[in-house]
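A closer look at the structure
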Amino acid sequence: MGYSGARGGLDAILAAENLVRGARDHAPADWLTTEQITGRMRLAVDRVMGEGSLYHEETAADALRQAEGDVIEATHLVRAHQSTMPRLATSEPIDPDEMVVLRRIVPAHRTPDGPQLLGRTSDYTGRLLDRGPDRSATVVAGAEHRDRLDRHPRRFSEWLRDQDLLVDNRPAPEDAPTEPFDLARHPARPPAPRSAVLASMARAETGSLIGTWYRSIRGTEGNLHEVTLGEVRHGRLPLRVRHPHTGNPVVAGHIRASECEAIEDLDGPEEDRSRFDVGYGLCFGHNERKAIAMANLDIACRRFGDREGLEQVLLLTTDGLDSCGFLEHLKLPHYVTFRSMIDRKRAVRGVDGQLDAVAERNAEPIGRTC
């Protein structure tokens, strides 16, 4: 309501809102249904769920429809909706090894333990615009009914650990945090625990996080840091909560998540050059770009985050609502503050003019009388 103080401001605001509704709702027959959005715009729905910190496909779809496809605006709607909801329970920690893998690729090894599952992806097809549905496409029957071991393959990082090729960054038992950082209740400020950095990245704006990752791997010296993806996964994870009467954990549902382990070659003067380091990323839905960026930034933050201020960047500048909110507010009226800036410029110019006049008078030669 930034324009409500201007002449006719409230009427202008209401008229602007009506223009949006009129353009969006003018043809109810063409109104996109929630099922159409969740079924055909699943990647956009997954982004809104991840950046909005609320795993509910129907809510994300409704927000996307209301926002006319604007992911940031839809995320804003979802977070605002989330803030009105009561917290009924806290889920139990999830073991990622329980994931029922729908897609799994291991770029670091040709024949890893377990299969390479390409899953549902267009990574290997040409970027050609398709003007209509492909009627010739066929669905592979039985793809969801593979062997159970195929759906729960052994991690590539476990093979590296068996070869004694990984550094051990796990904290001592007495130093390990008992609870993960809760961004919904506490703002994250540096210095922060690793769980706070990972949680901030999990709900960060995807493009912002990728931009930060790209700047990070380039390095301040302009050299590309050595990065290899150990494994990328997408699958379903069980969500457990404590039963209010029995106190036993029960499965309340399943969520889809993307996971990545990134491997980096250690070459620093104080690092163990005979081993690798592994970074981790996990986020809602099918969003492999974010998971990959998270995993690499997890290593970067551990290796040189203090030197380059990376932790502060990840905690304070990658959230889409924070950054876009600051940008969007520039469109609100600023005529009072800008008028004060003009007055200051004129005042400075007036003082400068007076000083110039005084300097000219002092510079005039003193006349002599005969």
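Residues numbered from 1 in each chain as written. Predicted model: local features only at pLDDT ≥ 70, side-chain atom pairs only at ≥ 80, totals over all residues. Heavy atoms only, no water.

Looking only at helices and strands, the protein has 13 helices and 4 strands in total. With 370 residues in all, the protein has 31% of them scored as buried. Carbon and sulfur atoms make up 54% of the accessible area of the protein, which amounts to about 24,300 Å² in all. (Helix = DSSP H or I, 4+ residues; strand = E, 2+ residues; numbered from the N terminus. Buried < 20%, exposed > 50% of the residue type's maximum accessible area, 1.4 Å probe, protein only. Areas by Shrake-Rupley, 256 points an atom, 1.4 Å probe, with all protein chains shown as cover.)

Within this structure, the stated rule accounts for 3 aromatic pairs. Consider the rings of Tyr55 and Phe284, whose centres lie 5.2 Å apart with planes at 65°: the pair is edge-to-face. A residue pair is termed long-range when its members are at least 10 positions apart, and Tyr55 in the loop between helix H3 (42-52) and helix H4 (57-66) and Phe284 in strand S4 (residues 276-284) qualify at 229 residues. Judged by its relative accessible area of 22%, Tyr55 falls in the partly exposed class. Summarising the aromatic geometry, the rings of Phe156 and Trp159 are spaced 5.6 Å apart at their centres and angled 20° between planes, so their arrangement reads as stacked. Of this pair, Phe156 and Trp159 both sit in helix H7 (residues 156-162), separated by 3 residues, roughly a single helical turn. On the accessibility criterion, Phe156 (7% relative accessible area) is buried. Assessed through its relative accessible area of 30%, Trp159 is described here as partly exposed. (Phe/Tyr/Trp six-rings, centres within 6.5 Å; stacked < 30°, edge-to-face > 60°.)

On to the side chain of Glu261. Topologically, Glu261 is positioned in strand S3 (residues 249-265). Judged by its relative accessible area of 9%, Glu261 is buried. Within the structure, Glu261 has its side chain in polar contact with the side chain of Ser157 (distance 2.9 Å). Ignoring sequence-local partners within four residues, the contact set of Glu261 consists of Arg155, Ser157, Leu229, Gly230, Glu231, Val278, Gly279, Tyr280 and Ala295. (Polar contact = N/O pair within 3.5 Å; in protein donor to acceptor, adjacent residues only side chain to side chain. Contact = heavy atoms within 4.5 Å.)

Moving on: the pairing of strand S1 (residues 100-105). With 5 of its 6 residues buried, S1 lies for the most part within the structure. Sheet topology note: the S1/strand S2 (residues 227-242) ladder contains 5 bridges and is antiparallel. Considered in S2, the bridge of Arg104 is made with Arg233. (Pairing = 2+ DSSP bridges.)

Time to look at the pattern of salt bridges. In this structure the tally under the stated criterion is 31 salt bridges. Across the salt bridge formed by Asp46 and Arg256, the nearest N and O atoms sit 2.8 Å from each other. Of the two residues, Asp46 sits in helix H3 while Arg256 sits in strand S3, which places them 210 residues apart along the sequence. Across the pair, Arg256 and Asp46 agree in class, each one buried. Among the salt bridges present, the one from Arg242 reaches Glu92, with a minimum N-O distance of 3.2 Å. (Salt bridge = Lys/Arg side-chain N within 4 Å of Asp/Glu carboxyl O.)

Turning next to helix H9 (residues 206-218). One full turn of an α-helix is made of 3.6 residues, so residues set three or four places apart face in the same direction. Compared with the 18 Å implied by 1.5 Å per residue over 13 residues, the 18 Å span of H9 between its first and last C-alpha is a close match. Listed as buried for H9 are Thr206, Leu209, Thr212, Ser216 and Ile217. End-on, the buried residues of H9 take up no more than an arc of 130°, which puts them together on one face. The distance from a side-chain oxygen at the start of H9 to the backbone nitrogen of Gly207 is 3.1 Å, and the residue carrying that oxygen is Glu205. (Expected span 1.5 Å × (residues − 1). Arc of directions from axis to C-beta.)

The pLDDT averaged across the protein works out to 85; a share of 87% of its residues lies at or above 70. Of all the helices and strands in the protein, helix H6 (residues 148-151) carries the lowest mean pLDDT, 71, while H3 carries the highest, 96. Note that pLDDT drops below 50 for residues 139-145; the model gives that stretch 4 contacts with residues more than four away or on any other chain. (pLDDT = per-residue confidence, 0-100.)

Whenever strands of a sheet pair, they do so through backbone hydrogen bonds, lying parallel or antiparallel. As summarised here, the arrangement of the 4 strands in space is S1-S2-S3-S4, forming an open sheet in which the pairing is antiparallel. If you trace the sheet from one side to the other, it starts and ends with S1 and S4, each paired once. Across the sheet, the axes of successive neighbouring strands diverge by a mean angle of 20°, strand direction being ignored. As paired elements, S2 and S3 share 15 bridges and run antiparallel to each other. From the neighbouring strand, Arg240 faces S3, where its bridge partner is Val251. (Axes fitted to C-alpha atoms, helices over the stretch in contact; angles between N-to-C directions.)

Running from N to C, H4 and helix H5 (residues 71-83) cross one another at 130°; their axes reach a closest spacing of 8 Å. With respect to their mutual orientation, H4 and H5 come out oblique. For the element pair H4 and H5, the recorded crossing hand is right-handed. Contacts between H4 and H5 involve Thr59, Ala60, Ala63, Leu64 and Gln66 from the first element and Val71, Ala74, Leu77, Val78 and His81 from the second. Here the contact of H4 with H5 is built from residues that sort into 7 nonpolar, 3 polar and no charged. (Parallel < 35°, antiparallel > 145°, perpendicular 65-115°, else oblique. Left-handed = near helix turned anticlockwise from the far one by under 90°. Nonpolar A, V, L, I, M, F, W, Y, C, P; charged D, E, K, R; others polar.)

Residues Met201, Leu209, Met294 and Leu314 are the most contacted members of the largest nonpolar core, which totals 28 residues. Elements that contribute at least two residues to this core include exactly helix H8 (194-202), S2, S3, helix H10 (288-308) and helix H11 (310-316). Ranked by residues supplied to this core, first place goes to H10 with 9 residues. In this structure, Leu209 is in contact with Met201, Ala204, Lys290, Ala293, Met294, Leu297, Leu314 and Thr318, ignoring residues within four places of it in sequence. In terms of nonpolar packing, the next biggest core, distinct from the first, is built from 13 residues, Val48, Ala63, Ala67 and Ala74 among them. (Core = buried A, V, L, I, M, F, W, Y, C linked by side-chain atoms within 4.5 Å.)

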